Structure formats: C-alpha cells, structure tokens
Amino acid sequence: MAEPAAKALGKPGIKRRETQLQGVLTAATPDLQAALRDWQTWLKDERRASPHTLLAYQRDLQHFLVFLTEHRGKPACLKDLSALTAGDFRAWLASRAAEGLERSSTARALSSLRGLFRWLTRRGLAENAALTTLRTPKVRKAVPRALTAAEAGEVVDSVAELSDADWAGKRDCAVLLLLYGCGLRIGEALALRRGEAPKPGQESLLVTGKGNKQRMVPLLPMVGEAVADYLAACPFGGDAEAPLFRGARGGALGPRRVQEKMAALRSLLGLPEGATPHALRHSFATHLLAGGGDLRAIQELLGHASLSTTQRYTDVDVAGLLEVYDRAHPRAKVR
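Since the structure is predicted, the reported quantities are computational estimates derived from the model, not experimental observations. (Residues numbered from 1 in each chain as written. Predicted model: local features only at pLDDT ≥ 70, side-chain atom pairs only at ≥ 80, totals over all residues. Heavy atoms only, no water.)

Chemist: I would appreciate a short explanation of the overall build of the chain in the present structure.
Modeler: Secondary structure summary: the chain contains 16 helices and 2 strands in total. Working note: accessible area of the chain is about 17300 Å², and carbon and sulfur atoms make up 53% of it. (Helix = DSSP H or I, 4+ residues; strand = E, 2+ residues; numbered from the N terminus. Areas by Shrake-Rupley, 256 points an atom, 1.4 Å probe, with all protein chains shown as cover.)

Shown next as structure tokens:
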C-alpha cells in the first residue's frame, strides 16, 4: 500500500477491484447483484475497509458464487441464499479443500461469507441459520519471526552500504528506522507525505493505517534525525503532498525496492529467511514486550484492532518474559 487507503481508491489498481466485482456479479441474478453492490458500498463507506480487504472479500465471494452456480445449475438469487443447507456449505468447503487451498484462506473465506449473511439478515434480504453450524477450519497461528536487537541494529546500520547514491542510502536507513523504531507497516511508512515528515525533536507521529484508521506513535530522536538527514540529501523537492520517500526517478518509493534491500541484507549479514521488512515491525513489538512493555500499549502502537493479534508476540520470547516477570512483578521475590 503505497498511499493511504482513501487515496488508493482513486488509483489504477482499483480497476482490478471493479473488474473482479463484475466477475462476481455474473454468477448472481439481478436482485443479488444489487444487494452485493450495496454491501460493497457499505464495506467501503461505513466499515472503511481498505482496497486490499475489499479485494479479498470479492475473491472469496466469487469462489462461493461460482461454486453455487455449478452446484445448483443456475446463477444464485437472494432466495437461494436463504434456502441453502449445511450440506451445501460443506460441499463448498470440500471443493476448496479439493483445490488445495490453504486452511487459512478457507477460514478467511468463511468469515467473509458470514459477514455478508449478517449484513443481509440485518437488512431483511436473506437469512440462513445453517451457516452458523459450520466450524471454522483450525489454523495454526504462526509466531512472528523477530530479529534479535543486535540483528535489527545491524540492518539499520548497514542498509546505506547497498546504495551507490548517498541520498538513497539515507532514505533506506530512514525507512527501516520507521519500521523498527516506530513499528510501522511498510505501507504506512511509504504512504507518508513530505508535509508529514517527522522532524528532529518531534516526539510523536500521526500514522494512517489499515482501514484509514489513524494512531499516534512515539518517535525516537534518531528517527526524526534520520528523516531530516535524508530530506537534506534528497535531490527531489515537492510540496507537502509529495511522497516523502522517493525512488531513483523521483516517483514514490515502492515496497518492492525495500524488500529487495532486505533480501540483500540477508545475504550480506547472514540473516534468516524470515528477515523481511515486516520482521522489523515484529521485532519492534517483541523487543518492547521483552523490555516490560504493556500489552495494551503495544496493541495501540501497532494499530491492532484486536488484542489477540498482539498476544501472538507473547510466544516469541518466553525467556525474556520470565526475566521481565522476575524483575518487575511484586510477587516475583516471594518464594
């Protein structure tokens, strides 16, 4: 996501979303088509779903409706949705398994479908209790792969060595510091505008995250200094709305360039395959938690809607957590 979600809706990539929606609608009768368009509008305007989320919902729904058309021999209508049995839904799940789709993908698709049916029920358009009887496929929760503090430091200190242009090296250092020093997603860092650039001495930064939701994150002094250093060397100017981070030709820096730099650093520093730009965000959370950071506070810093998402980090450094417990908990000294 190279720009905030609201602005991305106006980009060429949205044409793919509209094309995909048309593909969904070909497997539905006019009454269901109208309902699906209204649902999409509600997701975008009321739920403020990001373009990526909308695309995921559309892919899930397309698979379901295409299956339903083949399963019943005709395009689905609203009345058909109300008449579906638990067996019909299980047949859809079985078709996904036969296609070799991952359980995590099917779990998300089932969640998308339930969301649609909840919306239809609230508006009195269709209702089906059979969907509630299905169990969500169990998905093994992957533990985020964090770098050690030393490895993260090496990444930030070494990335400038990979660029021939001095300004580009300073740019890459500033980007990675935003990921590791502030816990930003790569899309959030690259979405920053020149007018939003953190300055030396600035203590916090307003970040626009998923669903166009905003949050404040604290700024380490070195982050503001690194961004200022990059801007002083950057050969491209621009007004407050210009991209903060620029590519070699002056356009907005894309995530692929940052991923390539991390791949080169893996080879240069002998880092594990899990050392990606997103791993720096994981490292930010893990190191805060290991240092005694409050889980709720870390949730806010990361922009997680659910605490359960943040709780994954408690599996990363058990030894570190025990050390924090022994050092900080008032009962730790009572034996």
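Chemist: Got a minute to help me understand the packing of aromatic side chains in this structure?
Modeler: Describing an aromatic ring pair means giving the distance of the ring centres and the angle of the ring planes. Per the stated rule, a full pass over the model turns up 6 aromatic pairs. An angle of 10 degrees between the planes, with centres 6.1 Å apart, marks the rings of F64 and F89 as stacked. Within this pair, whereas F64 is found in helix 4 (residues 51-72), its partner F89 is found in helix 6 (residues 86-98), the two being separated by 25 residues in sequence. Each of the two residues, F64 as well as F89, counts as buried. A ring pair is formed by F64 and W92, whose centres lie 5.2 Å apart and whose planes are at 80 degrees; its orientation type is edge-to-face. Linking F64 in helix 4 with W92 in helix 6, this pair joins segments that are 28 residues apart in sequence. Just as F64 is buried, W92 falls in that class too. Each residue in the set F64, F89, W92 and F117 is aromatic and connected to the rest through ring pairs, giving one cluster. (Phe/Tyr/Trp six-rings, centres within 6.5 Å; stacked < 30°, edge-to-face > 60°. Buried < 20%, exposed > 50% of the residue type's maximum accessible area, 1.4 Å probe, protein only.)

Chemist: What should I look at first to understand the packing of helix 9 (residues 166-182) against helix 11 (residues 221-233) in this one?
Modeler: Packed helix pairs are specified by the crossing angle of their axes together with the interaxial distance, meaning the distance between the axes. Helix 11 packs onto helix 9 with a crossing angle of 155 degrees between their chain directions and a minimal axis gap of 8 Å. The orientation of helix 9 with respect to helix 11, classified from their angle, is roughly antiparallel. The way helix 9 lies across helix 11 gives a crossing that is left-handed. Mapping the contact onto sequence places D166, W167, K170, R171, A174, L177, L178, G181 and C182 in helix 9 and M222, V223, A226, V227, D229, Y230 and A233 in helix 11. Class assignment for the residues of the contact of helix 9 with helix 11 results in 11 nonpolar, 1 polar and 4 charged. (Axes fitted to C-alpha atoms, helices over the stretch in contact; angles between N-to-C directions. Parallel < 35°, antiparallel > 145°, perpendicular 65-115°, else oblique. Left-handed = near helix turned anticlockwise from the far one by under 90°. Contact = heavy atoms within 4.5 Å. Nonpolar A, V, L, I, M, F, W, Y, C, P; charged D, E, K, R; others polar.)

Chemist: Would you explain a positive patch on the surface in this entry?
Modeler: The grouping of R47, R48, R118, R122, R123 and K213 at the surface amounts to a positive patch. Within the secondary structure layout, R48 lies in the loop between helix 3 (30-45) and helix 4. (Patch = residues over 30% accessible without salt bridge, like charges linked within 9 Å, V, L, I, M, F, W, Y side chains within 5 Å. Salt bridge = Lys/Arg side-chain N within 4 Å of Asp/Glu carboxyl O. Lys, Arg positive; Asp, Glu negative; His and termini not counted. Charge placed at Lys NZ, Arg CZ, Asp CG, Glu CD.)

Chemist: I'm lost on the nonpolar core in this one. Help?
Modeler: For soluble globular proteins, nonpolar side chains are generally found buried alongside one another. Among the nonpolar cores identified, the biggest contains 40 residues, and V155, L176, L178, L184, L205, F245 and L280 are the most heavily contacted of them. Among the secondary structure elements, those contributing two or more residues to this core are helix 8 (149-158), helix 9, helix 10 (186-190), strand 1 (204-208), helix 11 and helix 12 (255-269). Per-element accounting of this core gives the leading share, 11 residues, to helix 9. Setting aside its immediate chain neighbours within four residues, F245 contacts R171, A174, V175, L178, A189, L190, Y230, G251, A252 and L253. (Core = buried A, V, L, I, M, F, W, Y, C linked by side-chain atoms within 4.5 Å.)

Chemist: I would appreciate a short explanation of the side chain of S158 in the present structure.
Modeler: Looking at where S158 falls in the secondary structure, it is placed in helix 8. Among the residues examined, S158 registers a relative accessible area of 10% and is labelled buried. At a separation of 2.8 Å, a polar atom in the side chain of S158 contacts the main-chain carbonyl oxygen of E154. Residues in contact with S158, not counting those within four places in the same chain, are L265 and L269. (Polar contact = N/O pair within 3.5 Å; in protein donor to acceptor, adjacent residues only side chain to side chain.)

Chemist: What am I meant to see in the packing of helix 8 against helix 9 here?
Modeler: As a packed pair, helix 8 and helix 9 sit with axes 9 Å apart at the nearest point and diverge in direction by 155 degrees. Considering their axes alone, helix 8 and helix 9 lie roughly antiparallel with respect to each other. Across the interface between the two elements, A149, A152, V155 and V156 from helix 8 touch C173, L176, L177 and Y180 from helix 9. Partitioned by chemical class, the residues of the contact of helix 8 with helix 9 number 8 nonpolar, no polar and no charged.

Chemist: So what exactly am I meant to see when it comes to helix 4 here?
Modeler: Helical geometry: 3.6 residues make up each α-helical turn, so side chains three or four residues apart lie on a common side. For helix 4, with 22 residues, the first-to-last C-alpha span of 31 Å sits near the 32 Å given by 1.5 Å per residue. Listed in full, the buried residues belonging to helix 4 are P51, L54, L55, A56, Q58, D60, L61, H63, F64, L65, F67 and L68. Backbone geometry just after helix 4 places G73 at a positive phi near 80 degrees. (Expected span 1.5 Å × (residues − 1).)

Chemist: Where do I start with the pairing of strand 1 in this structure?
Modeler: Look at any regular strand and the pattern is simple: side chains alternate between the two faces of the sheet. Bridge count for strand 1 against strand 2 (residues 214-218) is 5 bridges, and the pairing is antiparallel. Directly across from L205, in strand 2, lies its bridge partner V217. Taking the residues between adjacent antiparallel strands as the criterion, strand 1 and strand 2 are bridged by 5 residues, where G211 takes a positive phi near 65 degrees. (Pairing = 2+ DSSP bridges.)

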